[in-house]
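As a plain string of letters, each chain reads:
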Amino acid sequence: MAEGRLVIGTKRYSSWSLRGWLLVRLARLDVEEVVVPLAENGTAAIKAISPTGLVPFLEHRGARVWESLAIAEYCAEFHPALWPQDRTARAHARSIASEMHAGFRGLRVSMPMNLGRDFAGLRRTPEALADIARIEAIWAEALSAHGGPFLFGKEFGAADAMFAPVVTRFLTWKPDLSETSRAYCAAVRAHPLVARWYDEAAREPADWLLSKYEDITA
Ligand SMILES: N[C@@H](CCC(=O)N[C@@H](CS)C(=O)NCC(=O)O)C(=O)O
């Protein structure tokens with residue numbers, strides 16, 4: 001029997017779920033996965049389960065954990081390599097993971113996650129473009145300091161998990177990006193766990209589609 005459960009939303013849309021799922025899978029926690037399809041205006045089934053009414057929500061060996069950054073720290077207790085070993089690099093990784101967790105609202109509002117669509121060129125609002133410029137600077141600094149292909153070197157870690165949904169947004173909305181950012185997006189997309197999430201999203205039932213994320217023309 002599994003040692004707990006991870007509650008997540010529709011894989012096609014739920015960016016925070018993707019973060020939590022990647023962290024839990026990277027740490028190899030033995031948890032059952034419960035996918036609750038997101039509803040158009042808030043999901044009653046999630047409100048009934050999670051203290052915040054939001055996903056991801058993790059229950060594991062008696063611990064209850066919500067907020068993706070708290071899930072990152074919980075998973076790192078089992079798999080410390082989620083954060084860099086070096087103290088200064090670890091401080092840097094935690095800073096950018098926190099910056100992601102707390103911010104980039106312009107990007108998140110303008111360009112929601114939708115793994116199944118191509119919205120190239122749409123919604124390039126000033127707020128989204130400002131966030132994208134900052135994200136590209138964050139990525140360039142970490143990639144140049146640690147040599148890539150992931151933010152802190154050869155292994156995909158917690159910082160990459162926090163930025164993975166941004167990569168999916170860039171692949172869907174296709175803003176202009178530097179070569180460095182494009183290479184990073186390709187590396188994240190090719191990671192086996194990210195590829196698995198995309199595959200599983202593609203197999204979700206058609207009646208889980210939400211018009212607020214699909215009926216976008218401008
Ligand atoms: N700050 C939270 C954000 C979680 C969040 O906003 N999750 C969204 C899904 S991506 C949600 O649960 N929405 C509820 C709903 O759509 O019913 C975290 O870091 O986990």
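Owing to the predicted nature of the structure, the values given are computational and were not obtained by experimental measurement.

A.B. asks: I tried to follow the side chain of S15 on my own but got confused; where do I start?
C.D. replies: With respect to the helices, strands and loops of the structure, S15 is situated in helix α1 (residues 15-26). Ignoring anything within four residues of it in the chain, the contact list for S15 reads M113, P165 and R169.

A.B. asks: Can you walk me through the pattern of salt bridges in this structure?
C.D. replies: Any two side chains of opposite charge can pair, so long as their charged atoms come close to each other. Under the definition given, this model contains 13 salt bridges. One salt bridge in this structure joins E73 and R94, with 2.9 Å as the shortest N-O distance. With E73 in helix α3 (residues 68-78) and R94 in helix α4 (residues 87-102), this residue pair connects regions lying 21 residues apart in the sequence. A salt bridge links R134 to E99, with the shortest nitrogen-to-oxygen separation between them at 2.7 Å. One end of the pair, R134, is in helix α6 (residues 126-146); the other, E99, is in helix α4, with 35 residues separating them in the sequence. Residues joined in a network through salt bridges with shared partners are K11, R25, E33, R196 and E200.

A.B. asks: Just to check I follow, could you spell out the packing of α4 against helix α7 (residues 158-173) for this structure?
C.D. replies: It is the contact of α4 with α7, at a shortest axis distance of 9 Å, that shows an interaxial angle of 35 degrees. When the axes of α4 and α7 are compared, the crossing they make is left-handed. Along the contact surface, α4 presents A93, I96, A97, M100 and H101, while α7 presents A159, M162, F163 and V166. Across the contact of α4 with α7, the residue classes tally to eight nonpolar, one polar and no charged.

A.B. asks: Even after reading the chapter, I still don't get the packing of aromatic side chains, so can you show me in this structure?
C.D. replies: By convention here, two paired aromatic rings are described through the distance between centres and the angle between planes. Inspection of the entire model under this criterion finds nine aromatic pairs. A connected cluster of aromatic rings, assembled from ring pairs, spans W139, F163, F170 and Y184. Directly above the aromatic system of W16 lies the positively charged group of R19, at a separation of 4.1 Å from the ring centroid. Its end group placed over the ring of Y198, R189 keeps NZ or CZ at 3.6 Å from the ring centre.

A.B. asks: Help me out: how do you make sense of the site of the ligand in this one?
C.D. replies: Around the ligand there are 13 residues in total, and T43, V55, E67, S68 and H101 lie nearest to it. V55 places a polar main-chain atom, nitrogen or oxygen, 2.8 Å from an oxygen atom of the ligand. In this structure, S68 approaches the ligand through a side-chain N or O atom, which is 2.7 Å from an oxygen atom. When the free accessible area of the ligand is taken as 520 Å², the share hidden by the protein chains comes to 82%. Taken together, the residues of the shell around the ligand sort by class into five nonpolar, seven polar and one charged.

A.B. asks: I would appreciate a short explanation of the domain arrangement of the chain in the present structure.
C.D. replies: Interfaces are frequently sized by the accessible area removed from exposure as the parts join. Along its sequence, the chain is organised into domain 1 (4-80 + 199-211) and domain 2 (82-192). The C-alpha-based centres of domain 1 and domain 2 are spaced at 20 Å. On the domain 2 side, the residues contacting the 22 residues of domain 1 number 24 residues. Counting the surface domain 1 buries against domain 2, the share from its top three residues, R12, R19 and L69, is 31%. The interface formed by domain 1 and domain 2 contains one salt bridge.

Quick notes on the rules
- Residues numbered from 1 in each chain as written.
- Predicted model: local features only at pLDDT ≥ 70, side-chain atom pairs only at ≥ 80, totals over all residues.
- Heavy atoms only, no water.
- Helix = DSSP H or I, 4+ residues; strand = E, 2+ residues; numbered from the N terminus.
- Contact = heavy atoms within 4.5 Å.
- Salt bridge = Lys/Arg side-chain N within 4 Å of Asp/Glu carboxyl O.
- Axes fitted to C-alpha atoms, helices over the stretch in contact; angles between N-to-C directions.
- Left-handed = near helix turned anticlockwise from the far one by under 90°.
- Nonpolar A, V, L, I, M, F, W, Y, C, P; charged D, E, K, R; others polar.
- Phe/Tyr/Trp six-rings, centres within 6.5 Å; stacked < 30°, edge-to-face > 60°.
- Lys NZ or Arg CZ within 6 Å of the ring centre and 35° of its normal.
- Near = heavy atom within 4 Å.
- Polar contact = N/O pair within 3.5 Å; in protein donor to acceptor, adjacent residues only side chain to side chain.
- Areas by Shrake-Rupley, 256 points an atom, 1.4 Å probe, with all protein chains shown as cover.
- Domains from an automatic or database assignment.
- Buried area = accessible area lost by both parts, 1.4 Å probe.

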